[in-house]
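Listed here are the chains, written in short residue letters.
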Amino acid sequence: MEPVYEDIKLQNILSKSRKEMPFRDFEDELMIEIFKEGDRKRSVLKNIKLSWLFFIIGLISGIALISVPSLLNETAADFTSYAAILSILMIALCLIILLFAEKLIRFSFFRDR
Amino acid sequence: MLISQISPGKKSRMDELYIEKVLNGDIDAYKYFVRQYKDMAFTLAVSVLKSEFDAKDAVQEAFIIAFRKLKSFKGNSKFSTWFCRIVINEALKQVKKREKDPCEFQDIPDVSPEDIPQSLVAMKDEQQKYFIDLALQKIPSKEALALNLFYLEEYSVEEVSDLTGWSVSNVKVILYRARKNMYCELSKTLRSEKKLLY
């Protein structure tokens, strides 16, 4: 059958076009880049862990900042102005949590995508 | 024993073993993949890019991408197939960057395998290789890539379609044209060489 003959002939011809990497230092150069990439990966992981730590510290500090003075000032006379400041602080805290939590989750769990 | 002498089944088990090693933090184990697949990747990249220096860059980038994404390799296909896809994407990306992909359909004269002069068969291996490389340089990137995947790497039409993102019918058309073009370029090159010699 002609197509089979043609395929075999072409396969024989093309088998001679198989190449070997002619650059002797290719492997060493590449492995240097791979090690750099490995270091980068490790530093990214370290930074993510630190980011989580500071995020949690910030979260706890924020909650403390809002709740502790409010307990002390519950009986204070200027309670209404204090409540306004408190609500602004709460909104700011919520916004910060939303913005940073989303980024942190994305970098921690979906960064390969 | 040389790596190339390992049977395909054993090779794929070795691949799995080394993937695990790399994922467990043994970066040096990645050398196994470099040694195993650099020639295959280089042959593929040269067929697309037609330049050894550009091919080297594309292969290097492909290895780095594969290392970065190794965690996402689920083992649904063989590592070689997965890596092959990365090499092809990287090479085609470079072609796009150069905006020089000459894969426009042109009229190709009808040349069959019988038209390839017997002189090619009579030539020494090195000379044959030279003329075959010359012909491959002259045919469009996509066609050279299709020939390479189908005849050298022995992927089926469906697998070529999966690797390149072209439809099955498109792969068949490209392969048909690639065969014709290859024979045509080969006989043209050999004829012009004959004229130079005599």
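Residues numbered from 1 in each chain as written. Chains lettered and ligands numbered in written order. Predicted model: local features only at pLDDT ≥ 70, side-chain atom pairs only at ≥ 80, totals over all residues. Heavy atoms only, no water.

Describing the packing of helix α7 (residues 141-152) of chain B against helix α8 (residues 157-164) of chain B
All names here are of chain B.
Phase 1: Between α7 and α8, whose axes approach to 10 Å, the crossing angle comes to 130 degrees. As summarised for this structure, α7 and α8 are arranged oblique, according to the angle between their axes. Along this stretch, α7 crosses α8, giving a crossing that reads as right-handed. Within the contact between the two elements, α7 uses L145, L149 and F150 and α8 uses V157, V160, L163 and T164.
Phase 2: Classifying every residue of the contact of α7 with α8 gives six nonpolar, one polar and no charged. (Axes fitted to C-alpha atoms, helices over the stretch in contact; angles between N-to-C directions. Helix = DSSP H or I, 4+ residues; strand = E, 2+ residues; numbered from the N terminus. Parallel < 35°, antiparallel > 145°, perpendicular 65-115°, else oblique. Left-handed = near helix turned anticlockwise from the far one by under 90°. Contact = heavy atoms within 4.5 Å. Nonpolar A, V, L, I, M, F, W, Y, C, P; charged D, E, K, R; others polar.)

Thoughts on the environment of K9 of chain A
Phase 1: Mapped onto the elements of the fold, K9 of chain A is located in helix α1 (residues 2-14).
Phase 2: In this structure the C-alpha to C-alpha distance between K9 of chain A and K36 of chain A, which are 27 residues apart in sequence, comes to 45 Å.

What about the interface of chain B and chain A?
It is common to give the size of an interface as the accessible area that goes away when the parts come together.
Phase 1: Across the boundary between the two partners, chain B contributes 39 residues, which contact 32 residues of chain A.
Phase 2: Here chain B packs against chain A, burying approximately 3,900 Å² in sum over the two surfaces, 66% of which is carbon and sulfur.
Phase 3: Together, I27, Y151 and L152 of chain B form the three largest contributors to the area buried by chain B at its contact with chain A, with a combined 16%.
Phase 4: Summed over the shared surface of chain B and chain A, the result is six salt bridges.
Phase 5: Taking the shortest distance from any N to any O, the salt bridge between D133 of chain B and K19 of chain A comes out at 3.0 Å.
Phase 6: On inspection of chain B and its partner chain A, the count reaches 12 residue pairs in polar contact (both at pLDDT 80 or more).
Phase 7: If you tally residues by element for the side of chain B that touches chain A, the top one is helix α3 (residues 52-69) of chain B, at nine residues.
Phase 8: The residue makeup of the side of chain B that touches chain A, split by class, is 20 nonpolar, three polar and 16 charged. (Buried area = accessible area lost by both parts, 1.4 Å probe. Salt bridge = Lys/Arg side-chain N within 4 Å of Asp/Glu carboxyl O. Polar contact = N/O pair within 3.5 Å; in protein donor to acceptor, adjacent residues only side chain to side chain.)

Any functional reading would require information that these geometric values do not contain.
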